[in-house]
Amino acid sequence: MEEKKQDCEQENKRVSKRYLAFYIIALFSVALVIILLSYLTQLRADRELANMNNALAQKDTTVQGTQEKMLALQDALQQQTIQLEAMQQQLEEIRAALGTEGEILPAIQQRMDEYDAYQKLLELGIAAAKEEKETAKACVAYLETTYGAGRLDGTAANAVFTGNFAEQYLKLKAQAG
């Protein structure tokens, strides 16, 4: 019986050693799987972090480029503002030298009107001398529609013809019929 007991105990020891070995191998296998999963998770996290770093670097580069462009535009704006102020100052100096705009522009327009009217008066005189009635009538019609009778006979405040020229115009107009 003792022998049987010993055999039974030895058999139990062998079986328990087997279970123990199996249990230890299973624990190491589970630990190895957990380590492998942890490693794969870490690799995935590293890849995502690298992608985020690349995206952040690209955005940072874009922001830097935009800031540089903005600084360049601000510099250009400052330079143009300085140029504009200088030009405005020059314009004011020219206006001061020439007088006010209200005085210059009407005077220039008056001189241009007089020049045009004198040319037509000369054409009217040539047409009257050659006795070309149609050309003379066309010149009178142009002068009257462009300037009006008051400016041509010298009675208006801004007359084109005054003095002898007004008299000459009236004489030629009468000849043209």
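Participant: Break down the overall build of the chain for me, citing the residues and quoting the values.
Facilitator: Of the regular secondary structure elements, the chain holds five helices and zero strands. Reading the chain from its N terminus to its C terminus gives the helix and strand order α-α-α-α-α. Here the C-alpha radius of gyration of the chain, 54 Å, is well above what a compact globule of 177 residues would show, namely 16 Å. Its C-alpha atoms give the chain principal-axis dimensions of roughly 170 × 40 × 25 Å. Looking at the chain as a whole, 14% of its 177 residues are labelled buried. Long-range pairs, those at least 24 residues apart, make up 57% of the contacts in the chain with a sequence separation of at least 6.

Participant: Account for the environment of Thr 155, with residues named and values stated.
Facilitator: Relative to the assigned elements, Thr 155 resides in the loop between helix H4 (149–152) and helix H5 (164–176). For the pair Thr 155 and Ala 166, spaced 11 residues apart in sequence, the C-alpha separation works out to 9.2 Å.

Participant: Explain the nonpolar core to me, using residue names and the numbers behind them.
Facilitator: Counting 17 residues, the largest nonpolar core has Leu 124, Phe 161 and Tyr 169 as the members making the most contacts within it. Secondary structure elements with two or more residues in this core: helix H2 (101–129), helix H3 (133–147) and H5. Setting aside anything within four residues of it in sequence, one finds Phe 161 in contact with Ala 117, Tyr 118, Leu 121, Arg 151, Leu 152, Asp 153, Gly 154, Ala 166 and Tyr 169.

Participant: Requested: an account of H3, with residues and values cited.
Facilitator: The terminal C-alpha atoms of H3, which comprises 15 residues, lie 21 Å apart, in line with the 21 Å expected from a rise of 1.5 Å per residue. For H3, the full list of buried residues reads Ala 136, Cys 139, Val 140, Leu 143 and Tyr 147. Angularly, the buried residues of H3 cover 95° about the axis, an arc narrow enough to put them on a single face. Residues of H3 that are exposed and point more than 90 degrees away from the buried face comprise Glu 134 and Thr 145. Just downstream of H3 lies Gly 148, where phi reads positive at about 85°.

Participant: Give me the packing of aromatic side chains: which residues, what numbers.
Facilitator: Counted according to the given criterion, the structure contains zero aromatic pairs. Sitting over the face of the ring of Tyr 142, Lys 120 holds its NZ or CZ atom 4.7 Å from the ring centroid.

Participant: I'd like to hear about the pattern of salt bridges, residue by residue, with values.
Facilitator: Tallied over the entire structure, the rule returns three salt bridges. Taking the shortest distance from any N to any O, the salt bridge between Glu 48 and Arg 44 comes out at 3.5 Å. Residue Glu 48 and its partner Arg 44 are located together in helix H1 (residues 2–98), separated by four residues, close to a single helical turn. Taking relative accessible area as the criterion, Glu 48 reaches 38% and is therefore assigned partly exposed. The partner of Glu 144 in a salt bridge is Lys 173, with the nearest N and O atoms 2.7 Å apart. Of the two residues, Glu 144 sits in helix H3 while Lys 173 sits in helix H5, which places them 29 residues apart along the sequence. With a relative accessible area of 26%, Glu 144 lands in the partly exposed category.

Participant: Tell me about the confidence of the model for the chain, and name the residues and values.
Facilitator: Residues shown with low pLDDT carry predicted positions that ought not to be read at fine detail. Summarising the model, the chain shows a mean pLDDT of 83, and 94% of its residues fall at 70 or more. Per-element mean pLDDT across the chain ranges from 77 in H2 up to 87 in H1.

Participant: Lay out the side chain of Asp 116 with the relevant residues and their values.
Facilitator: Among the structural elements, Asp 116 can be located in helix H2. One buried charged side chain, Asp 116, makes no salt bridge at all; its nearest oppositely charged neighbour is Lys 120, positioned 6.4 Å away. A polar atom in the side chain of Asp 116 sits 2.7 Å from the side chain of Tyr 142. Discounting residues that sit within four places of it in the chain, Asp 116 has contacts with Tyr 142 and Tyr 147.

The rules behind the values
- For every chain, the first residue of the written sequence is number 1, and numbering continues from 1 along that sequence.
- Predicted model: local features are reported for residues with pLDDT of at least 70 only, side-chain atom pairs are reported and counted for 80 or more only, and whole-chain, interface and lining totals are derived from all residues.
- The side-chain figures draw on all heavy atoms in the structure; neither hydrogens nor water molecules are used.
- Here a helix means four or more residues in a row that DSSP labels H or I, a strand means two or more in a row labelled E, and each is numbered from the N terminus.
- We compute the radius of gyration over the C-alpha atoms and compare it with the globule rule, which gives 2.2 Å times the number of residues raised to the power 0.38.
- Under the scheme applied here, a residue whose accessible area is under 20% of the maximum for its type counts as buried, over 50% as exposed, and between as partly exposed, the area being computed with a 1.4 Å probe on protein chains only.
- Contacts are assigned to residue pairs that have any heavy atoms within 4.5 Å of one another.
- Only buried Ala, Val, Leu, Ile, Met, Phe, Trp, Tyr and Cys residues count toward a nonpolar core, and they belong to the same one when joined by side-chain atoms within 4.5 Å.
- The length a helix should cover is 1.5 Å for every residue beyond the first.
- Regarding the arc, it is the one traced by the directions from the helix axis to the C-beta atoms.
- Note on aromatic pairs: the rings of Phe, Tyr and Trp (six-membered ring only in Trp) are paired at centre separations within 6.5 Å, and the planes decide the class, stacked below 30 degrees, edge-to-face beyond 60, tilted for the rest.
- Charges are assigned to positions over rings by a cutoff of 6 Å between ring centre and Lys NZ or Arg CZ, combined with an angular limit of 35 degrees from the ring normal.
- Salt bridge, as applied in this entry: a Lys or Arg side-chain nitrogen positioned within 4 Å of an Asp or Glu carboxyl oxygen.
- On a scale of 0 to 100, pLDDT captures the predictor's confidence in every residue.
- Within this scheme the basic residues Lys and Arg register as positive and the acidic residues Asp and Glu register as negative, but His and the chain ends are omitted.
- In protein, a polar contact requires one atom able to donate a hydrogen and another able to accept it; more generally it is a pair of N or O atoms within 3.5 Å, and residues adjacent in sequence count only if both atoms are side-chain atoms.

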